[in-house]
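Understanding the architecture of this molecule
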Amino acid sequence: MKYFVILAVAALIVTIYAQDDYEAKKCNTNCTDEYKPICGYYDEPKDGLTFQNNCVLETYYCYNDDLPFAGVDDGECPK
């Protein structure tokens, strides 16, 4: 599951740099390396993405504010 989290963080970084208005957004990019997994999802937790911690999740949704967002659960998303 750590591999998935690393992949999600890498996708976040790519998404951040791919944004045309990267500099215009005021999203927090100073997240710690703390591993406290959190599941962010659109419809149901089983369809969610596991983020390293809440800060990474908030940064992801800040840069992807056009994505539908339903909620979060503590811990990794169900498989």
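Residues numbered from 1 in each chain as written. Predicted model: local features only at pLDDT ≥ 70, side-chain atom pairs only at ≥ 80, totals over all residues. Heavy atoms only, no water.

1. So, the environment of Tyr61
What counts here: Every helix listed is a DSSP run of H or I at least four residues long, and every strand listed is a run of E at least two residues long, numbered separately from the N terminus. Partly exposed residues are those whose accessible area sits between 20% and 50% of the maximum for their type, while under 20% is buried and over 50% is exposed, using a 1.4 Å probe and protein chains only. A contact between two residues is defined here by any heavy atoms of the two lying within 4.5 Å.
Tracing the backbone through its elements, the reader meets Tyr61 in helix H2 (residues 54–63). Judged by relative accessible area, Tyr61 falls into the buried class, the value being 11%. The spatial distance from the C-alpha of Tyr61 to the C-alpha of Cys27 is 9.2 Å, given a sequence separation of 34 residues. Ignoring sequence-local partners within four residues, the contact set of Tyr61 consists of Gly40, Tyr41, Tyr42, Phe51 and Phe69.

2. Comments concerning the sheet that holds strand E3 (residues 71–74)
Definition in use: If DSSP finds at least two bridges between two strands, the strands pair. Note on method: axes are straight lines fitted to C-alpha atoms, helices fitted across the in-contact stretch only, with angles between N-to-C directions ranging 0 to 180 degrees.
The three strands are arranged E2-E1-E3 in an open sheet whose pairing can be described as antiparallel. The open sheet has two free edges, formed respectively by strand E2 (49–51) and E3, since each of these has just one partner strand. Strand-to-strand twist in this sheet, taken as the mean axis angle between neighbours without regard to direction, amounts to 30°. Judged from the four bridges that link them, strand E1 (residues 38–41) and E3 form a sheet pairing that is antiparallel. From the neighbouring strand, Gly40 faces E3, where its bridge partner is Val72. Packing against the sheet, H2 makes contact with E1, E2 and E3, and its axis sits at approximately 20° to E1.

3. Overview of the pairing of E1
Alternating residues of E1 divide into Ile38 and Gly40 and Cys39 and Tyr41, and every residue in both groups is buried. Examined bridge by bridge, E1 and E2 share three bridges and lie antiparallel to one another. Paired with Cys39 across the two strands is Thr50, which belongs to E2.

4. Side note on the environment of Leu49
Along the polypeptide, Leu49 turns up in strand E2. Owing to a relative accessible area of 23%, Leu49 belongs among the partly exposed residues under this scheme. With 23 residues separating them in the primary sequence, Leu49 and Val72 have C-alpha atoms 9.6 Å apart.

5. Examining the state of the cysteines
Which entries qualify depends on this criterion: Note that a disulfide, as used here, is simply two cysteine sulfur atoms within 2.5 Å.
In the structure shown here, the tally under the stated rule is three disulfides. Each sulfur of the disulfide joining Cys27 and Cys62 lies 1.7 Å from the other. In this structure the cystine formed by Cys27 and Cys62 twists about its S-S bond by roughly -80°; its chirality is therefore left-handed. On the criterion of sequence distance, the pair formed by Cys27 in the loop between helix H1 (2–18) and E1 and Cys62 in helix H2 is long-range, its members being 35 residues apart. A sulfur-sulfur distance of 2.1 Å marks the disulfide that ties Cys31 to Cys55. Across the disulfide from Cys31 to Cys55, rotation about the S-S bond amounts to roughly -80°, and the bridge is consequently left-handed. Of this pair, Cys31 sits in the loop between H1 and E1 while Cys55 sits in helix H2, and the two are 24 residues apart along the sequence. A residue is classified by how much of its surface remains accessible, and Cys31, at 25% relative accessible area, is partly exposed. Looking at Cys55, the relative accessible area reads 19%, which means it is buried. Indicated for the protein is the disulfide connectivity 1-5, 2-4, 3-6, based on numbering the bonded cysteines in sequence order.

Bear in mind that shape data such as this cannot, by itself, settle questions of function.
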